[in-house]
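# Breakdown of the fold
Single-letter residue listing:
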2 protein chains.
Amino acid sequence: MKLEKVSEEILNSIKNQYMCIVIGECFVSYQGRASSKLPRGKRLIIFKADSSVSIHENRLVRPTNYMTNSKTSCTTQTVDKKEELKLLSKNKAKETLEIIFYSVDDINTYDLPMSNDLRLSGSEKELNDALMDDLSFLEPGLKPINQQQSFRKGVCDIIAEDRDGKLVVIELKRRQADYGAVTQLKRYVEQVEKIKGKQTRGILLAPDIRKNAMELLQSYGLEYFSYDFEVGERSKIKGIGKSQQKLGDY
Amino acid sequence: MKLEKVSEEILNSIKNQYMCIVIGECFVSYQGRASSKLPRGKRLIIFKADSSVSIHENRLVRPTNYMTNSKTSCTTQTVDKKEELKLLSKNKAKETLEIIFYSVDDINTYDLPMSNDLRLSGSEKELNDALMDDLSFLEPGLKPINQQQSFRKGVCDIIAEDRDGKLVVIELKRRQADYGAVTQLKRYVEQVEKIKGKQTRGILLAPDIRKNAMELLQSYGLEYFSYDFEVGERSKIKGIGKSQQKLGDY
DNA sequence: GCTGGGAGAGGCTTA
DNA sequence: TAAGCCTTTCCCAGC
């Protein structure tokens, strides 16, 4: 396949925000936050309407190389009497992605909509909403006090009040809680204490917690509850377990 | 394009570990760790040799839907007098990905090697080595005392001794340091203090640090130095800057 | 096989 | 724009 033609088709596709798919023998070099070289080999290259470029090998979901928000330029050159097509993509962060094609097996351009229409459920946001609906099954008498308020820092924090009128910060995680989750909760609790000027409890709610994270949590005097959830059309929290720490209280 | 033929080509491609690329009108539904639905629309679907399936829209580097380690089966059915091709992919984690094709614009199969071409990264080891070679440009009189200790990727823990004989834990980050970096360093310092039984300094070395992380670091009494590095054939540290905190000392 | 942890993380939302 | 944070994170290396 004539590389001159390939160059034209790629540039035309980018200009018209089509999706361009190329299969060809290439060498890839990246310079930016890191630096990498992909030796000569046959690969799949995708140019999308949002100006992203991805290089895929015949394995893994993620591309081996990629660049987003790029401006791509093409030049054909002759090296050792052989034609080469050089694609240079740059972005604002001064990163560069260079693809050199030695030969192209196939190139196709498709007019696909640049839509974003995945409907995902089971996200933390959704679980958060489910939890907000009824905090009482976490602890009797617990009431949310910041349904809309935004003196919270993260997206999914709940500030509530327990039956004794004490403030409670709840951090919800949809996966095993790690060190970061604990320090995050600690920060929020401190922040709320500072703003409200009263002692505040902190509850970490997660399906599971790493051992060292649990230790840190306890040393901070925070509380942990495990929970189960079900994903589906509408995700829901199935049950709350008591943490060891909590058990010890009784 | 006849969906019966499409079905055959996809299954054949999977069997032979080719790469199969399909452009078609489809609906996608996923159930697993989360749950999602992608309404009918024209998309790119990639079947790779490692049995991964990805669905791409005309934007973003990452696929909207995907599945790895899957077993895929095909059935064609007729709904409302219209032919449909149903692909069902399952993996061991009991996750399911269902793609229903209403029409297929194009399908191509390519015999690409399932190689894992090493991406040579501007090596972090080199940054570690460069730093280890001469700690004195961080601070006069600083000497490493665990030259042989193993490094983890992306993180370099060095234990050194300053000119006053005090222990210094140094953590090197490749990227902007965040809360995690600070709490990590804090942990190491505490660990070393506990083991060695003597007061220990902690230095965070990173290209940049987030404002809040800086505050936390200072509240912990830790130190921060910024540095520049160059990636390329041989990565090297270009220079060490002094942190605001450090400047205040002088 | 499970788990801990980095990554050129990507990508999204809000200040 | 930067900061903060979630993710079906993906992926590898260690046990």
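For chain A, an unreviewed UniProt entry supplies the name DUF91 domain-containing protein and the organism Candidatus Iainarchaeum sp.

## Let's talk about the UniProt feature "domain: Endonuclease NucS N-terminal PH-like" (unreviewed entry) in chain A
Per the UniProt record, the feature "domain: Endonuclease NucS N-terminal PH-like" (unreviewed entry) sits at residues 17-112 of chain A. Across residues 17-112 of chain A, helical content stands at 0% and strand content at 69%; the span's end C-alpha atoms are separated by 9 Å.

## What about the interface of chain B and chain A?
Each partner contributes to the interface: chain B provides 60 residues, whereas chain A provides 58 residues. Of the roughly 4900 Å² buried at the junction of chain B and chain A (both faces included), carbon and sulfur atoms supply 53%. Its largest share of buried area at the contact with chain A, chain B owes to Asn58(B), Arg59(B) and Val61(B), together 15% of the area lost on that side. At the junction of chain B with chain A, the criterion picks out two salt bridges. The residue Arg43(A) makes a salt bridge to Asp117(B) at a minimum N-O spacing of 2.6 Å. Summed over the shared surface of chain B and chain A, the number is 28 residue pairs in polar contact (both at pLDDT 80 or more). Contributing elements (two or more residues each) for the side of chain B that touches chain A: strand 1 (19-31), strand 2 (35-47), strand 3 (53-56), strand 4 (65-67), strand 7 (96-110) and helix 3 (179-196) of chain B. With nine residues, strand 2 of chain B is the largest single contributor of residues to the side of chain B that touches chain A. Here the side of chain B that touches chain A is composed, by residue class, of 25 nonpolar, 20 polar and 15 charged. Where strand 8 (residues 119-121) of chain A lies against strand 2 of chain B, three bridges are found, and the strand directions are antiparallel. Bridging across to strand 2 of chain B, Leu120(A) finds its partner in Ser36(B).

## Some points on the domain arrangement of chain A
Assigned domains within chain A: domain 1 (3-110) and domain 2 (118-249). Using only C-alpha atoms to locate each centre, domain 1 of chain A and domain 2 of chain A end up separated by 45 Å.

## Points about the pattern of salt bridges
Residues and elements named next belong to chain A. All chains considered together, the criterion is met by 26 salt bridges over all chains. A salt bridge links arginine 40 to glutamate 25; the nearest nitrogen and oxygen atoms lie 3.4 Å apart. Taken together, the positions of arginine 40 in strand 2 (residues 35-47) and glutamate 25 in strand 1 (residues 19-31) put the pair 15 residues apart, joining distant regions of the chain. Residue glutamate 223 pairs with arginine 201 through a salt bridge whose shortest N-O separation is 2.9 Å.

## Topic: the confidence of the model for chain A
Residues and elements named next belong to chain A. Averaged over chain A, the pLDDT score is 88; the fraction of residues at 70 or greater is 92%. Confidence drops under pLDDT 50 across residues 148-153; counting only partners more than four residues distant or on other chains, this segment forms 10 contacts. With pLDDT under 50 throughout, residues 244-250 is counted as low confidence; its partners more than four residues away or in other chains account for 10 contacts.

Procedures and definitions
Within any chain, residue numbers begin from 1 and follow the written order of that chain's sequence. Key to labels: chains lettered from A, ligands numbered from 1, both in the order written. Confidence filtering applies because this is a predicted model: local features only for residues at pLDDT of at least 70, side-chain atom pairs given and counted only at 80 or more, and all residues used for totals across whole chains, interfaces and linings. Side-chain metrics rest on all non-hydrogen atoms present in the structure, leaving aside hydrogens and water. UniProt positions are given in the numbering used here, feature names are shortened, and annotations may be inferred rather than shown by experiment. Helix numbers and strand numbers start at the N terminus; a helix is a DSSP run of H or I with at least 4 residues, a strand a run of E with at least 2. Contacts between residues were defined by any pair of non-hydrogen atoms, one from each residue, lying within 4.5 Å. Values labelled buried area give the accessible surface lost by two parts on being combined, using a 1.4 Å probe and summing over both. Whenever Lys or Arg places a side-chain nitrogen within 4 Å of a carboxyl oxygen from Asp or Glu, that contact is recorded as a salt bridge. What qualifies as a polar contact is a pair of N or O atoms within 3.5 Å, subject to a donor-acceptor requirement within protein and to the restriction that residues adjacent in sequence count only when both atoms come from side chains. Under the scheme applied here, ten amino acids are nonpolar (Ala, Val, Leu, Ile, Met, Phe, Trp, Tyr, Cys and Pro), four are charged (Asp, Glu, Lys and Arg), and all others, including Gly, are polar. Strands are treated as partners if at least two bridges between them are detected by DSSP. Domain segmentation is taken from an automatic or database assignment of domains. pLDDT expresses how confident the predictor is about each individual residue, on a scale running from 0 to 100.

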